[in-house]
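# What the coordinates show
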Amino acid sequence: LNLAADCNAVLKALQPIFQEQGMTETVHNWEDHGYLATYIKKNGSFANLRIHPHGLVLVDLQSYNDHTEGREEVDQLLNKIEERMKELFHGNIKRVKRLPAILRGGVIDRYWPTADGRLVEYDIDEVVYDEDSPFQNIKILHSKQFGNILILSGDVNLAESDLAYTQAIMGSGKEDYTGKEVLILGGGDGGILYEIVKLKPKMVTMNALTNFNIDQMVIDGCKKYMRKTCGDVLDNLKGECYQVLIEDCIPVLKRYAKEGRMFDYVINDLTAVPISTSPEEDSTWEFLRLILDLSMKVLKQDGKYFTQGNCINLTDALTLYEEQLSRLYCPVEFSKETVCVPSYMELWVFYTIWKKQT
């Protein structure tokens, strides 16, 4: 409201609307903090009416409705409340905001958080795959807009719509992979591997980190239900110009470094930059530094390292990541690019890192 609320007047004006619904009323009154009225229907539906003295009036309705008629009843009740408030306060209503219903407890979970903590409702209409591996929960859900979406332990990883992500983490079309040696860390959805194989590399080694990000069950689910993303590259763990290793990448990287094996490109698709802003307390930061150091040891002097960052809104976390780059065993330089990833519904930062030429 544009003015302080007469709590008693608001309550008396709205009471008849709830009484018409046959709802039982309970009212709590705090001298300086307004009213809270609850209205309960015989079928278990209820409404909370919260009236704040400074002029905020909140109405929250909860009911179990799995049919159109029930949703229409809720809309009609809200319409009556809104009309009565306009009658009571005439032109003194500053803003009316009606939020869509949150659907809880359904077979299909449509709500997933963004990296910066906003809740997004997806147009999910089918659970395609839902299994627990020894390492994580694996879901593949179908969205009308984005196709099948891979979700690992509650984190939206990649959808069939997200070629922009794959292209960005490969250098956004600016690199020539022909005849090159490429190492992919993670990437269990197969999207990066599928796109690079098209570019005629000499050899691509995809190394899945089983105890942190990717496992065999992810690969099995993706090769069956994410084929628009991975094509047929996950059907076999070896092809003419690629191999997929299902093992911890850290000892593999150490072995490659010891053997002197070098790559033109290293693509890290293991994990996003941590949200935590306490790098010394979060083991994930230590993990990222270790991966960076080992990757630099197997990266050719003129090679490039590509990785995702995180949501552009997480400026503190991204700044901390960039600070870690100055702590590696060799000096490096970097650039970054911001890309809109469709199913993330947010802008995402990608990094290109290379050894500083001396």
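In this text the structure is predicted, and so the values were computed from the model without any measurement.

Reading across from one edge, β1-β2-β3-β4 is the order of the 4 strands in this open sheet, with antiparallel pairing throughout. Two strands close off the open sheet at either side, each with one partner strand: β1 (24–30) and β4 (57–62). Adjacent strand axes in the sheet meet at a mean angle of 10°, parallel and antiparallel pairs treated alike. Where helix α1 (residues 7–20) meets the sheet, it contacts β1, β2 (34–40), β3 (46–51) and β4, and its direction lies at approximately 10° from that of β2.

UniProt records the feature "active site" (unreviewed entry) for Asp269 in the present numbering. Inspection of the secondary structure assignment puts Asp269 in strand β14 (residues 263–269). Polar side-chain contacts of Asp269 include one of 2.4 Å to the side chain of Tyr165.

So, about the side chain of Asp264. One can find Asp264 in strand β14. In this structure the side chain of Asp264 is engaged in a polar contact, spanning 2.8 Å, whose partner is the backbone nitrogen of Glu181. With residues up to four places along the chain from it excluded, the contact list for Asp264 reads Lys180, Glu181, Leu299, Lys300, Gly303 and Lys304.

To continue, consider the packing of helix α7 (residues 249–259) against helix α8 (residues 283–298). For the pair α7 and α8, the least separation of the axes is 9 Å and the interaxial angle reads 30°. Taken together, the axes of α7 and α8 are roughly parallel relative to one another. Judged by the sense of rotation from one axis to the other, the crossing of α7 with α8 is left-handed. Across the interface between the two elements, Cys249, Ile250, Leu253, Lys254, Tyr256 and Ala257 of α7 pack against Phe287, Leu290, Ile291, Leu294, Ser295, Lys297 and Val298 of α8.

Looking now at unusual backbone geometry. The residue Ser172 is not glycine, and still its phi comes out positive at about 55°. Take Ser172: it is sitting in the loop between α3 (163–169) and β11 (181–186). Looking at Ser172, the relative accessible area reads 26%, which means it is partly exposed. The residue Lys200 is not glycine, and still its phi comes out positive at about 60°.

The next subject is the packing of aromatic side chains. Applying the stated criterion to the full structure yields 11 aromatic pairs. For the ring pair Tyr265 and Phe306, a centre distance of 6.0 Å and an interplane angle of 15° mean the geometry is stacked. Taken as a pair, Tyr265 in strand β14 and Phe306 in strand β15 (residues 299–311) lie far apart in primary sequence, 41 residues in all. Accessibility classification places Tyr265 together with Phe306 in one group, the buried group. An aromatic cluster is defined as three or more aromatic residues linked by ring pairs; in this entry it consists of Tyr165, Tyr344, Trp348 and Phe350. The ring of Tyr329 has Lys297 lying over it, and the distance from NZ or CZ to the ring centre is 5.5 Å.

Thresholds, definitions, all that
- Residues numbered from 1 in each chain as written.
- Predicted model: local features only at pLDDT ≥ 70, side-chain atom pairs only at ≥ 80, totals over all residues.
- Heavy atoms only, no water.
- Pairing = 2+ DSSP bridges.
- Helix = DSSP H or I, 4+ residues; strand = E, 2+ residues; numbered from the N terminus.
- Axes fitted to C-alpha atoms, helices over the stretch in contact; angles between N-to-C directions.
- Contact = heavy atoms within 4.5 Å.
- UniProt positions renumbered as here; feature names shortened; annotations may be inferred.
- Polar contact = N/O pair within 3.5 Å; in protein donor to acceptor, adjacent residues only side chain to side chain.
- Parallel < 35°, antiparallel > 145°, perpendicular 65-115°, else oblique.
- Left-handed = near helix turned anticlockwise from the far one by under 90°.
- Buried < 20%, exposed > 50% of the residue type's maximum accessible area, 1.4 Å probe, protein only.
- Phe/Tyr/Trp six-rings, centres within 6.5 Å; stacked < 30°, edge-to-face > 60°.
- Lys NZ or Arg CZ within 6 Å of the ring centre and 35° of its normal.

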